[in-house]
Amino acid sequence: MTARTLTLLAILAAAAAAIFFFLSPSSEDGEKTRLTLTGSSTIAPLALEIAKRYEKQNGTVRIDVETGGSSRGMADARKGLADIGMVSRSLKADEADLTGHLLARDGVGIIVHASNPIEAITGAEVVSIYKREITSWETLGGPDAGIVLIHKAEGRSTLEVFLDHFKLDNPSIKPDVIVGDNEQGIKTVAANPQGIGYVSIGTAEVAIENGAAIKLIKLDGVEASTATVADGSFPMARELNLVTHGNIPEKTTAFLAFAQSAEVDDLIKGQSFVPPRR
């Protein structure tokens, strides 16, 4: 073998080693630790912002946030399909196998089209509307027009909070439109001047700021707003929780500690939710 050949082989070996070095994961740039959050569409936008900030501070972590409703969040946490479930209500007594981690507080408000002159409604009137005992806005002092009933699909915590507050039986409600997440509810009411629905107050406030043709109306004389949720006066308020199942690994514990710290209060307020008392 000639010296020239040996030199060429040495060069090729060095090049191959360099390529292997750059393509192989090192101790500093190896695979990232992954966390998955699934569940409530109310919590998801906030969870995504918290995840982005956490990833920026912890470069070796990647966090995926997926919606699908609170029921999915609980089911995924139980099955190990998600590290953390997102549930936009308090946990029930028969859900004691899950651990709730309070993230923020929110309210469920009644919304109508921005052109509707109605500014307030009582709980009794809401019940009568959803029982189809009141079918025209004229009965409430509004226009001579039928009420278009917009209702949430099964598996949504907003639905559970609404039914529990007004003591309504879901099978007895015959809506005109069934919607999934809050954004769909807002779009449906915004597109229908005769519509009525109920959504997250925080989500509605953000949508109104961005020009959505809806408005939140008073419930039993109390303004539906982040401020009344914060001071405890709004009657239909709820917890926004992150939930876990079983033993919590260190990667999850670290993220939960961050998500429940004052470091994210600005993000919570930015989504028009109320930070918990620390």
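Residues numbered from 1 in each chain as written. Predicted model: local features only at pLDDT ≥ 70, side-chain atom pairs only at ≥ 80, totals over all residues. Heavy atoms only, no water.

What follows concerns the side chain of T38. Mapped onto the secondary structure, T38 falls in strand β1 (residues 33-39). When its relative accessible area of 1% is taken as the criterion, T38 is described as buried. Among the polar contacts made by the side chain of T38, one reaches the side chain of D76 at a distance of 2.9 Å. (Helix = DSSP H or I, 4+ residues; strand = E, 2+ residues; numbered from the N terminus. Buried < 20%, exposed > 50% of the residue type's maximum accessible area, 1.4 Å probe, protein only. Polar contact = N/O pair within 3.5 Å; in protein donor to acceptor, adjacent residues only side chain to side chain.)

Per the stated rule, a full pass over the model turns up six aromatic pairs. Summarising the aromatic geometry, the rings of Y54 and F255 are spaced 5.3 Å apart at their centres and angled 85 degrees between planes, so their arrangement reads as edge-to-face. Here Y54 is found in helix α2 (residues 44-57), whereas its partner F255 is found in helix α9 (residues 250-259), with 201 residues between them in sequence. The residues Y54 and F255 share a single accessibility class, namely buried. An aromatic cluster of at least three residues, connected via ring pairs, comprises Y130, F162, F166 and Y198. (Phe/Tyr/Trp six-rings, centres within 6.5 Å; stacked < 30°, edge-to-face > 60°.)

Another point: the nonpolar core. Core analysis: the biggest nonpolar cluster contains 43 residues, and I110, I121, I129, Y130, F162 and I196 have the highest contact counts within it. Elements with a minimum of two residues in this core: β4 (98-113), α4 (123-130), β6 (148-152), α5 (157-166), α6 (182-190), β8 (195-200), α7 (201-209) and β9 (214-216). In terms of residues, this core owes the most to one element, α5, which gives five residues. Not counting the four nearest positions on each side in its chain, I110 is found in contact with I121, V126, F162, I196, G197, Y198, K215, L216, I217 and M236. (Core = buried A, V, L, I, M, F, W, Y, C linked by side-chain atoms within 4.5 Å. Contact = heavy atoms within 4.5 Å.)

Attention shifts here to the confidence of the model for the chain. Counting all residues, the mean pLDDT for the chain is 90, and 89% of those residues have values of 70 or more. Below a pLDDT of 50 lies the segment residues 3-29, which in the model reaches three contacts outside its immediate sequence neighbourhood of four places, other chains included. (pLDDT = per-residue confidence, 0-100.)

Buried residues dominate β1, accounting for five of its seven residues. Here β1 runs beside strand β2 (residues 61-67); their pairing, made up of seven bridges, is parallel. Opposite L37, over in β2, you have V65 as the bridge partner. Handedness of the β-α-β unit built from β1, α2 and β2 comes out right-handed. As judged from the three bridges shared by β1 and strand β3 (residues 84-87), these two strands associate in the parallel manner. Opposite G39, over in β3, you have M86 as the bridge partner. (Pairing = 2+ DSSP bridges. Right-handed = clockwise from strand over helix to strand, strands pointing away.)

Of all five residues in β6, five are buried; the element is thus mostly enclosed. Residues V148, I150 and K152 of β6 are buried on one face, and the alternating residues L149 and H151, pointing to the opposite face, are buried as well. Where β6 lies against β8, two bridges are found, and the strand directions are parallel. The residue bridging L149 from the neighbouring strand is I196, located in β8. In terms of strand pairing, β6 meets strand β7 (residues 177-179) through three bridges, oriented parallel. Directly across from H151, in β7, lies its bridge partner I178.

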